[in-house]
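Report on the structure
The primary structure of each chain is shown beneath.
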Amino acid sequence: IKMTKKVYAKKSEIAEIFSIPPHTLDNILTEVRRNPDFHNIILKWGVKSVRVSISGFEDFLRWKSNQRIKTL
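Attention in this report is confined to the structure presented alongside it. In this text, all values refer to a predicted model and were calculated from it rather than measured experimentally.

What counts, and at which threshold
Residues numbered from 1 in each chain as written. Predicted model: local features only at pLDDT ≥ 70, side-chain atom pairs only at ≥ 80, totals over all residues. Heavy atoms only, no water. Helix = DSSP H or I, 4+ residues; strand = E, 2+ residues; numbered from the N terminus. Contact = heavy atoms within 4.5 Å. Expected span 1.5 Å × (residues − 1). Buried < 20%, exposed > 50% of the residue type's maximum accessible area, 1.4 Å probe, protein only. Arc of directions from axis to C-beta. Polar contact = N/O pair within 3.5 Å; in protein donor to acceptor, adjacent residues only side chain to side chain. Pairing = 2+ DSSP bridges. Axes fitted to C-alpha atoms, helices over the stretch in contact; angles between N-to-C directions. Core = buried A, V, L, I, M, F, W, Y, C linked by side-chain atoms within 4.5 Å.

Right, let's get into the overall build of the protein. Counting its secondary structure elements, the protein contains three helices and three strands. Ordering the α and β elements of the protein from the N terminus gives β-α-α-β-β-α. In terms of overall dimensions, the protein has a C-alpha envelope of 50 × 30 × 25 Å along the principal axes. Within the protein, counting contacts between residues at least 6 apart in sequence, those at least 24 apart form 54% of the total.

Laid out in structure tokens, this is it:
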């Protein structure tokens, strides 16, 4: 049996994986969409059809954390 690692997840799954409240996740995803370096981690092919790259989202959170540390 071949195990496949999930690459993309629904918004609700991302919220659960990273322990982020849904409203906060919506704000973060808006920021991701506006960032030219990370906008491609979101797949949107319909009104309610959104998938987010799990590793890409983690990379964005790491980048955001580093940006915050630089401003302290």
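So, about helix H2 (residues 22-34). Here H2 spans 19 Å end to end across 13 residues, near enough to the 18 Å set by a 1.5 Å rise per residue. Those residues of H2 not exposed but buried are Leu25, Ile28, Leu29 and Val32. Projection of H2 onto a plane perpendicular to its axis shows the buried side chains occupying an angular sector of 105°, all on one side. Residues His23 and Arg34 are exposed on H2 and point more than 90 degrees away from its buried face.

Attention now moves to the environment of glutamate 58. Locating glutamate 58 in the fold gives a position in helix H3 (residues 54-71). Sequence-wise, glutamate 58 and phenylalanine 18 are 40 residues apart; in three dimensions their C-alpha atoms are separated by 8.5 Å. For glutamate 58, the side chain forms a polar contact with the side chain of arginine 62, separated by 2.6 Å.

Moving on, we come to the sheet that holds strand S1 (residues 8-9). The strands making up a sheet are joined through hydrogen bonds of the backbone, oriented either antiparallel or parallel. Spatially, three strands are ordered S1-S3-S2 in an open sheet, and the strand pairing comes out antiparallel. Each edge of the open sheet is held by one strand with a lone partner, namely S1 and strand S2 (42-44). The sheet contact formed by S2 and strand S3 (residues 50-53) spans three bridges and is antiparallel. Paired with lysine 44 across the two strands is valine 50, which belongs to S3. In the packing of H3 onto the sheet, the strands contacted are S1 and S3, and the crossing angle to S3 comes to about 65°.

One non-glycine residue with positive phi stands out, namely serine 19, at about 55°. Topologically, serine 19 is positioned in the loop between helix H1 (11-17) and H2.

A few words on the nonpolar core. Ile14, Leu25, Val32 and Phe57 are the most contacted members of the largest nonpolar core, which totals 16 residues. Contributions of two or more residues to this core are made by H1, H2, S3 and H3. A per-element tally of this core places H2 first, with four residues.

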